[in-house]
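Observations on the three-dimensional arrangement
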Amino acid sequence: LWGGRGGLGCKAAYSGQLSGACIQALPSPPTSSPTSLSNLPFFPVWSGWESGHCDNDPSKMTTGNAYTFDTQAECCDKFFPNQATGACMAFDPTYGTKSPTGAPIQ
């Protein structure tokens, strides 16, 4: 479990480790809060009301779209409020994460 050293997972090999060094050494360690690249703002991606979402991939921004937000939640609240499908907040942004990340499964 949780990747780790010498073929053993961090949990198995270092279960009592207080520093968290094994987990932090993983290629994609779990996080306790969302991650983002602060210089990449979120903007609405117009793909229909029920499938519309907000992303932070500059290659997906349409010409003339001047609406940008610091967070995915702000963007979704502004452009897709009361969306029955919840697609906007369910969408995983291209850069960063909207939720804490879990430990890798092995």
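Each value, and the rule that gives it
Think of each chain on its own: its residues are numbered from 1, step by step along the sequence as written. Local features in a predicted model are, by the rule used here, given only for residues with pLDDT of at least 70; side-chain atom pairs are given and counted only at 80 or more, and totals for whole chains, interfaces and linings are based on all residues. The side-chain quantities take in all heavy atoms of the structure and omit both hydrogens and water. Helical segments are the DSSP runs of H or I of at least four residues, strand segments are the runs of E of at least two, and each set is numbered from the N terminus. Whenever two N or O atoms come within 3.5 Å, that pair is a polar contact, provided that in protein one can donate a hydrogen and the other can accept it, and provided that, for residues adjacent in sequence, both atoms are side-chain atoms. The criterion used for residue contact is that any of the two residues' heavy atoms lie within 4.5 Å. Exposed residues in this analysis have more than 50% of their type's maximum accessible area, buried residues have under 20%, and partly exposed residues fall in between, with area computed by a 1.4 Å probe over protein chains only. This arc corresponds to the set of directions leading from the helix axis out to the C-beta atoms. Whether two aromatic rings pair depends on their centres lying within 6.5 Å, for rings of Phe, Tyr and Trp, where Trp uses its six-membered ring; planes under 30 degrees apart make the pair stacked, over 60 edge-to-face, and the rest tilted. Buried Ala, Val, Leu, Ile, Met, Phe, Trp, Tyr and Cys residues that are joined via side-chain atoms within 4.5 Å together make up what is termed a nonpolar core. What counts as a disulfide here is a pair of cysteine sulfur atoms lying within 2.5 Å. By salt bridge we mean one thing: a side-chain nitrogen of Lys or Arg within 4 Å of a carboxyl oxygen of Asp or Glu.

So, on to the side chain of aspartate 55. Here aspartate 55 lies in strand S2 (residues 53–55). Within the structure, aspartate 55 has its side chain in polar contact with the side chain of lysine 60 (distance 3.1 Å). Leave out the neighbours within four places in its chain, and aspartate 55 touches Pro41, Phe42, Phe43, Val45, Lys60, Phe91, Pro93 and Thr94.

Residues Gln72, Cys75, Cys76 and Phe79 constitute the buried set of helix H3 (residues 72–79). The buried residues of H3 occupy an angular sector of 95 degrees when the element is viewed end-on, so they sit on one face. Of the exposed residues in H3, those oriented more than 90 degrees away from the buried face are Asp77 and Lys78. Its buried side turned inward, H3 meets strand S1 (43–45), S2 and helix H4 (87–90).

Before going further, it helps to spend a moment on the packing of aromatic side chains. In the structure shown here, the tally under the stated rule is 5 aromatic pairs. For the ring pair tryptophan 46 and phenylalanine 79, a centre distance of 5.2 Å and an interplane angle of 80 degrees mean the geometry is edge-to-face. Within this pair, whereas tryptophan 46 is found in the loop between S1 and S2, its partner phenylalanine 79 is found in helix H3, the two being separated by 33 residues in sequence. Residue class for phenylalanine 79 comes out buried when judged on its relative accessible area of 14%. Every member of this aromatic cluster is reached through a ring pair, and the members are Trp46, Trp49, Tyr67, Phe69, Phe79 and Phe80.

What follows concerns the nonpolar core. Counting 8 residues, the largest nonpolar core is built from Phe42, Cys54, Phe69, Cys75, Cys76, Phe79, Phe80 and Cys88. The element contributing the most residues to this core is H3, with 3 residues.

Bringing unusual backbone geometry into the picture now. For asparagine 82, which is not a glycine, the phi torsion comes out positive at approximately 60 degrees. In this fold, asparagine 82 is placed in the loop between H3 and H4. By relative accessible area, asparagine 82 is classed as exposed at 78%.

Turning our attention to the state of the cysteines. Under the counting rule described, the total for this entry stands at 2 disulfides. With its sulfur 2.1 Å from that of its partner, cysteine 54 forms a disulfide with cysteine 75. Judged by the torsion about the S-S bond (-80 degrees), the cysteine 54/cysteine 75 disulfide is left-handed. Remark: cysteine 75 occurs in helix H3 and cysteine 54 occurs in strand S2; sequence separation between them is 21 residues.

We now examine the pattern of salt bridges. Close approach of charged atoms allows side chains of opposite charge to pair. One pass over the full model with this rule turns up 1 salt bridge. We note a salt bridge from aspartate 55 to lysine 60, for which the minimum N-O separation is 3.1 Å. Note on lysine 60: relative accessible area 37%, which makes it partly exposed.

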